[in-house]
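A structural walkthrough
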Amino acid sequence: MARLARTNRPVGLADLSDHCKEVASDIMYFDFSGLRITVVGDLILDRYLEGLVKRLSPEAPVAVLLQQSERDVLGGAANVAANLSALGAKTDLVGVVGADGTGARLLDMLERLVGVRTDIVVDKDRPTTCKTRVASGAHQIVRIDHELSNFVQVETEADLVGAARNAAEQADVVVLSDYAKGACSDRVIRETIECATRAGRPSIVDPKRHSLEIYRGATLITPNRDELMNAVRMPCETDAEVERAGKRAIEHTGASILLTRSEQGLSFFSPDGHVLHLPTATQDVFDVSGAGDTVLAVTALGYGANLPVSQIMRLANTAAGIVVGKVGTAVVTLPELYAALEKQMGSPRGERGGLVTLHQALDQRERWRRQGLTVGFTNGCFDLLHSGHAVLLSKAAEACDKLIVAINSDASVKRLKGPSRPIQTEESRAHLLGEMRMVDLVVSFQDDTPIRLVEALQPDVLVKGADYTEDQVVGSEFVKALGGKVVLVPLMPHQSTSSLIRRGLGGIVSNAAGSET
């Protein structure tokens, strides 16, 4: 089963405003690697033909696309499996493909997914479903569907039911991804849900039927707004309207309803009358393809991990927001999900620009470690920021996922540089560094060297200017002993705080001398 890291009680992410950020940071990180999800449904290959449109055809009033690329991605139930794989879970995928090149391509792509086992029926009498999208830049021009949407034949249906039954017996959660492409016949739907019920496992359905009654007995059904509206024949715009429609859907199915409402977020309705609405955050939307698959995958993981509904909704909403910001059908990874959740809850930086305490830095470093992110570390006085500093920090950021910058305290700078330094206070230096896009965290140290910080934070990458040799970099032996590395960045000539001060003082003296003559 999935585990919540560093938490002793289930706190819903939807309720984070009522809890301190320290509690919030403790409940954000999940290990889904112990979960096994069975996914039964329609397998689709999403093909993208991309290029540029610069003129109309002389043959007809249609655009001429100068094709630049072609790519294939997994769609439908296969995309649900791809999302589960990206989020670390184990998956058993059951579906059908045709005996054609598209099916062979889809199977080859599935074999490359980590943690995904497949039991795919090959049906020589039907084509593999393929959606070909033709796009110019981020704008889709036309979609071409190659499919046979009637239900599979009896023999294929029997094979699907047998595969679904075997997979469901080993699952923590059973998912039905019904795209109305023929795999999810009445028998496949009913027997899959009943298998989950007999095994005592939750079943979650992404529906496409015009009536939801075929899904009766499922634990949760996840329609979008149009699907719910068509199924219950009721308006679904306002909260009050969707609550009435949700209640009607529950009467038809006995299942809880998780409604995806596009820009209005998510709404949840349970048979016991529990209602939750979660608005979506403002985001750039490039392509909604596959967003429902992501919601389905994250919701299945949440149910498998026994998370509170409010937390499942927050995770699903956040994951969907990431996907719609990508072009084409896509998946969400755990690092992306963590980063988005952290952004929602606010930066870990303190009130003084980017400066945080050592305790805060250690907490953040641990969170990054759990996310699998590479953490870099560099240090200096950074008294007067100049282009040399910018190059150093930029190169340091390229060598890692997250960059910590350690600055000498005012007392430390004074000991190293003399009584006239620093020019800027510790707070000012930290604030300027904290505003630079390549810097993720700023912490200060009182000693002459940052060795104690290096040993406490245990960075994966230690970065310093190339005026040092590797053995001269403070903490290099410690970092390398932990499996890390040292990166030396070439310096820009004539760029240093000291030279800036000298040039500045020289100009003052020159101007003063000129005024006396």
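In this report, we go over the structure that sits alongside the text. (Residues numbered from 1 in each chain as written. Predicted model: local features only at pLDDT ≥ 70, side-chain atom pairs only at ≥ 80, totals over all residues. Heavy atoms only, no water.)

Looking at soluble globular proteins, one finds that nonpolar side chains tend to be buried together. Grouped together as the largest cluster of nonpolar side chains are 57 residues, with contacts concentrated most on I37 and L93. Residue contacts for L93: discarding those within four places in its chain leaves V39, L43, A77, A78, A81, L110, V116, R117, T118, D119 and I120. (Core = buried A, V, L, I, M, F, W, Y, C linked by side-chain atoms within 4.5 Å. Buried < 20%, exposed > 50% of the residue type's maximum accessible area, 1.4 Å probe, protein only. Contact = heavy atoms within 4.5 Å.)

This brings us to the pairing of strand β14 (residues 266-269). Going residue by residue along β14, you find L266 and F268 tucked away on one face and S267 and F269 tucked away on the opposite face as well. As paired strands, strand β13 (residues 256-260) and β14 are joined by four bridges and run antiparallel to one another. When the sheet's bridge partners are listed, I257 is paired in β14 with F269. Between the antiparallel neighbours β13 and β14 lie five residues, among them S262 with a positive phi of about 55°. Of the pairings in the sheet, the one linking β14 to strand β15 (residues 275-278) comprises four bridges and is antiparallel in character. From the neighbouring strand, S267 faces β15, where its bridge partner is H277. Counting the residues in the hairpin turn of β14 and β15 gives five residues, including G273, whose phi is positive at 95°. (Helix = DSSP H or I, 4+ residues; strand = E, 2+ residues; numbered from the N terminus. Pairing = 2+ DSSP bridges.)

A separate point is empty space enclosed by the protein. Applying the stated rule across the entire model yields three cavities of 30 Å³ or more. What the largest cavity holds in volume is close to 80 Å³. Every residue along the wall of the largest cavity is listed here: D42, L43, V96, V97, G98, R126, P127, T128, T129, K181 and A183. Residue contributions to the lining of the largest cavity peak at three residues, all from strand β6 (residues 90-98). A per-class count over the lining of the largest cavity returns five nonpolar, three polar and three charged. Computed from the structure, the second largest cavity encloses a volume of approximately 40 Å³. Contributing to the lining of the second largest cavity are F32, L87, V298, L301, G302, L307, L315 and L337. When residues of the lining of the second largest cavity are assigned to their parent elements, the largest contribution, three residues, is made by helix α8 (residues 291-304). (1 Å grid on protein atoms, 1.4 Å probe; cavity = no way out; pocket = protein on both sides within 12 Å on 5 of 7 lines; lining within 4 Å. Points joined across faces, edges and corners; volume = space filled by probe spheres on them. Nonpolar A, V, L, I, M, F, W, Y, C, P; charged D, E, K, R; others polar.)

Together, V53, I141, V142 and I144 make up an exposed nonpolar region whose accessible area comes to about 300 Å². If you tally residues by element for the nonpolar patch, the top one is strand β9 (residues 139-146), at three residues. Take I141: it is sitting in strand β9. Residue classification places I141 among the partly exposed positions, given a relative accessible area of 43%. (Patch = residues over 30% accessible without salt bridge, like charges linked within 9 Å, V, L, I, M, F, W, Y side chains within 5 Å. Areas by Shrake-Rupley, 256 points an atom, 1.4 Å probe, with all protein chains shown as cover. Salt bridge = Lys/Arg side-chain N within 4 Å of Asp/Glu carboxyl O.)

A word on the sheet that holds β9. Taken in spatial order, the four strands make up an open sheet running β5-β4-β8-β9, and their pairing is mixed. Each edge of the sheet is formed by a strand with only one pairing partner; in this case those strands are β5 (63-76) and β9. Each adjacent strand pair in this sheet contributes to an overall mean axis angle of 20°, direction not counted. Sheet topology note: the strand β4 (residues 43-56)/β5 ladder contains 13 bridges and is antiparallel. Its bridge partner lying in β5, E50 is registered against S69. Strands in contact with helix α2 (residues 77-86) are β4 and β5; relative to β5, the strand with the most contacts, it is inclined by about 70°. (Axes fitted to C-alpha atoms, helices over the stretch in contact; angles between N-to-C directions.)

Turning our eyes to something else, we now look at the environment of Q371. With respect to the helices and strands, the residue Q371 is situated in the loop between α11 (358-370) and β16 (375-380). Between the C-alpha atom of Q371 and that of P335, which follows or precedes it by 36 residues, the distance is 5.4 Å.

As a further point, take α2. The element α2 is extensively covered by neighbouring structure, given that nine of its ten residues are classed as buried. Of the residues making up α2, those classed as buried are A77, A78, N79, V80, A81, A82, N83, L84 and S85. Where α2 ends, the next residue or the one after it, G88, has phi of about 100°, a positive value.

Here the focus is the packing of aromatic side chains. Enumeration over the complete set of coordinates arrives at zero aromatic pairs. Looking at R71, its charged tip hangs above the ring of Y48, at a distance of 4.4 Å from the centre. Across the ring face of Y179, the terminal group of K208 is positioned such that the distance to the ring centre comes to 4.6 Å. (Phe/Tyr/Trp six-rings, centres within 6.5 Å; stacked < 30°, edge-to-face > 60°. Lys NZ or Arg CZ within 6 Å of the ring centre and 35° of its normal.)

This brings us to the pattern of salt bridges. For the structure shown, the criterion picks out 29 salt bridges. Here D186 ties to R209 by a salt bridge, and the two come within 2.7 Å at their closest N and O atoms. With a gap of 23 residues between them, D186 in helix α5 (residues 186-199) and R209 in the loop between β11 (203-206) and β12 (220-221) connect regions that are remote in the sequence. The partner of D383 in a salt bridge is R421, and the shortest N-O contact between them spans 2.8 Å.

Our focus in this paragraph is the packing of helix α4 (residues 154-168) against α5. Each pair of packed helices can be summarised by the angle the axes make with each other and by the distance between the axes. Orientation of α4 relative to α5, taken along the N-to-C sense of each, is 20°, at an axis distance of 9 Å. One way to sum up the angle between α4 and α5 is to call them roughly parallel. The chirality of how α4 crosses α5 is right-handed. In this structure, α4 uses E157, A158, L160, V161, A164, R165 and A168 to contact α5, whose residues at the interface are R187, V188, E191, T192, C195, R198 and A199. Its residues assigned to classes, the contact of α4 with α5 comprises eight nonpolar, one polar and five charged. (Parallel < 35°, antiparallel > 145°, perpendicular 65-115°, else oblique. Left-handed = near helix turned anticlockwise from the far one by under 90°.)

An order of β7-β6-β3-β10-β11-β12-β13-β14-β15 is seen for the nine strands of this open sheet, with the pairing classed as mixed. The open sheet is flanked by β7 (116-123) and β15, the only strands paired with a single partner. As paired elements, β11 and β12 share two bridges and run parallel to each other. Paired with V205 across the bridge in β12 is I221. Seen against the sheet, helix α3 (residues 101-111) touches β6 and β7 and runs at an angle of roughly 170° to β6.

Along the chain, R421 connects to P422 via a cis peptide bond; the corresponding omega equals 5°. Tracing the chain through its elements places P422 in the loop between α13 (410-417) and α14 (426-434). Of note, the phi angle at R233 is positive, near 55°, even though the residue is not glycine. Within the fold, R233 resides in the loop between α6 (225-232) and α7 (239-253). Non-glycine residue N306 carries a positive phi angle of around 60°. Inspection of the secondary structure puts N306 in the loop between α8 and α9 (309-323).

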